[in-house]
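# Chains, contacts and geometry: an overview
One letter stands for each residue in the lines below.
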Amino acid sequence: MLSREDNYLIIEQHYNENKLKLIKRLTYRCGTEWDAQDVLHDAYERAIKYISSFRGDNIGAWFNQIMNNALREHKNASKGFATSSFDEEDEEGVPCNHYSERVVKEINDLIDTKSVVQMEVLKLHFQQDYTARDIARITEHSYNNSQKIIIRFKQELKDLYQ
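Read on for a plain summary of the structure. (Residues numbered from 1 in each chain as written. Predicted model: local features only at pLDDT ≥ 70, side-chain atom pairs only at ≥ 80, totals over all residues. Heavy atoms only, no water.)

## Describing the overall build of the protein
Let me state the cut-off plainly: Under the scheme used here, helices are H or I runs from DSSP no shorter than 4 residues and strands are E runs no shorter than 2 residues, and both carry numbers assigned from the N terminus. A simple rule labels every residue: compare its accessible area, found with a 1.4 Å probe on the protein chains alone, to the largest value its type can have, and call it buried under 20%, exposed over 50%, or partly exposed in between. Throughout, a residue-residue contact means that at least one pair of heavy atoms, one from each residue, lies within 4.5 Å. To measure how exposed things are, a 1.4 Å probe is used in the Shrake-Rupley method; for residues, cover is taken only from the protein chains shown.
Within the protein, the regular secondary structure consists of 7 helices and 2 strands. Listing each helix as α and each strand as β along the protein from the N terminus yields α-α-α-β-β-α-α-α-α. With 162 residues in all, the protein has 30% of them scored as buried. In the protein, 55% of the contacts between residues at least 6 apart in sequence involve partners at least 24 apart. Accessible surface, the protein as shown: approximately 11000 Å² in total, 51% of it carbon and sulfur.

## Remarks on helix α2 (residues 33-49)
Cut-off, in case you're wondering: What a helix should span is 1.5 Å times the count of its residues minus one. Note: the arc covers the axis-to-C-beta directions of the helix.
Counted at 1.5 Å a residue, the expected span for α2 with its 17 residues is 24 Å, and the 24 Å between its end C-alpha atoms agrees. Listed in full, the buried residues belonging to α2 are Ala36, Val39, Leu40, Ala43, Tyr44, Arg46 and Ala47. Projected onto a plane normal to the axis of α2, the buried residues spread over an arc of 155° and lie on a single side. Pointing more than 90 degrees away from the buried face of α2 are the exposed residues Trp34 and His41.

## What about the packing of aromatic side chains?
Our working rule: Only rings of Phe, Tyr and Trp enter the pairing, Trp through its six-membered ring, and a pair is recorded when the two centres are within 6.5 Å. The plane angle decides the type: under 30 degrees is stacked, over 60 is edge-to-face, the rest tilted.
The final tally for this structure, using the stated rule, is 4 aromatic pairs. Ring centres 4.9 Å apart and planes at 90° place the aromatic pair Tyr15 and Tyr44 in the edge-to-face group. Residue Tyr15 is found in helix α1 (residues 4-30), and its partner Tyr44 is found in helix α2; the two are separated by 29 residues along the sequence. Taking relative accessible area as the criterion, Tyr15 reaches 29% and is therefore assigned partly exposed. For the ring pair Tyr44 and Phe63, a centre distance of 4.1 Å and an interplane angle of 25° mean the geometry is stacked. Pair noted here: Tyr44 is in helix α2 and Phe63 is in helix α3 (residues 59-78), with a separation of 19 residues, a long-range link.

## Considerations on α1
What counts is decided by this rule: Two axes enter the bend calculation: one fitted to the seven residues ending at the residue in question, the other to the seven starting there, and the bend is the angle between them.
Compared with the 39 Å implied by 1.5 Å per residue over 27 residues, the 31 Å span of α1 between its first and last C-alpha is markedly short. Where α1 bends most, at Asn18, the angle is about 65°. Within α1, burial applies to Asn7, Ile11, His14, Asn18, Leu22, Ile23, Leu26 and Cys30. The positive-phi residue at the C-terminal boundary of α1 is Gly31, with phi of around 110°.

## So, the environment of Gln147
Relative to the helices and strands, Gln147 resides in helix α7 (residues 143-160). Separated by 25 residues in the primary sequence, Gln147 and Leu122 place their C-alpha atoms 10.0 Å from one another.

## What to know about the pattern of salt bridges
Condition: When a carboxyl oxygen of Asp or Glu is within 4 Å of a side-chain nitrogen of Lys or Arg, the pair counts as a salt bridge.
The tally for this structure, following the rule as stated, stands at 7 salt bridges. Lys49 is paired through a salt bridge with Asp129; the nearest N and O atoms lie 3.6 Å apart. Placement of the pair is Lys49 in helix α2 and Asp129 in the loop between α5 (116-126) and α6 (132-138), with a sequence separation of 80 residues. According to the relative accessible area criterion, Asp129 is partly exposed, its value standing at 29%. Residue Arg137 is joined to Asp134 by a salt bridge in which the shortest nitrogen-to-oxygen separation is 3.3 Å.

## Observations regarding the nonpolar core
Condition: Put simply, buried Ala, Val, Leu, Ile, Met, Phe, Trp, Tyr and Cys residues joined by side-chain atoms within 4.5 Å make one nonpolar core.
Core analysis: the largest hydrophobic core is formed by 20 residues, its most contacted members being Ile11, Leu26, Leu40, Trp62, Phe63 and Met67. Elements supplying a minimum of two residues to this core: α1, α2 and α3. At 7 residues, α3 tops the list of elements feeding residues into this core. When residues no more than four places from it in sequence are discounted, the contact partners of Ile11 are Tyr44, Ala47, Ile48, Ile51, Ile59 and Trp62.

Structure below.
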């Protein structure tokens, strides 16, 4: 197993060798080079954040999954779907009323009321941005079970906040 520093060097080398190719591919999928650069930057930030999940094998496949997740979130945000990031201000020039912080606290409190298995899956998904597939890889929970737990909880939130 490689050290954390070795993994950082591998990510840096991957970035230097593939940046232009990845921007070109993302530009086709995003529509503009600016969006492509944003997605690529976000993907590399995530790669650094989740460096512990890299096992030293195929960096290309590992990074592609991270990049596809970043691209999906970028597309959802551009369509107006909620993402995990909140603005510091509700409207330009108006101080934040901390509504988003209260909602996040309510969601976390709701997660804490779930069973141990559900709580583990939901915390990994909502608090640490892991996908159901990632959760299945790092825990003993199956992909299908993780996906069902996440979907049911999202529906519960949708019903609660409508």
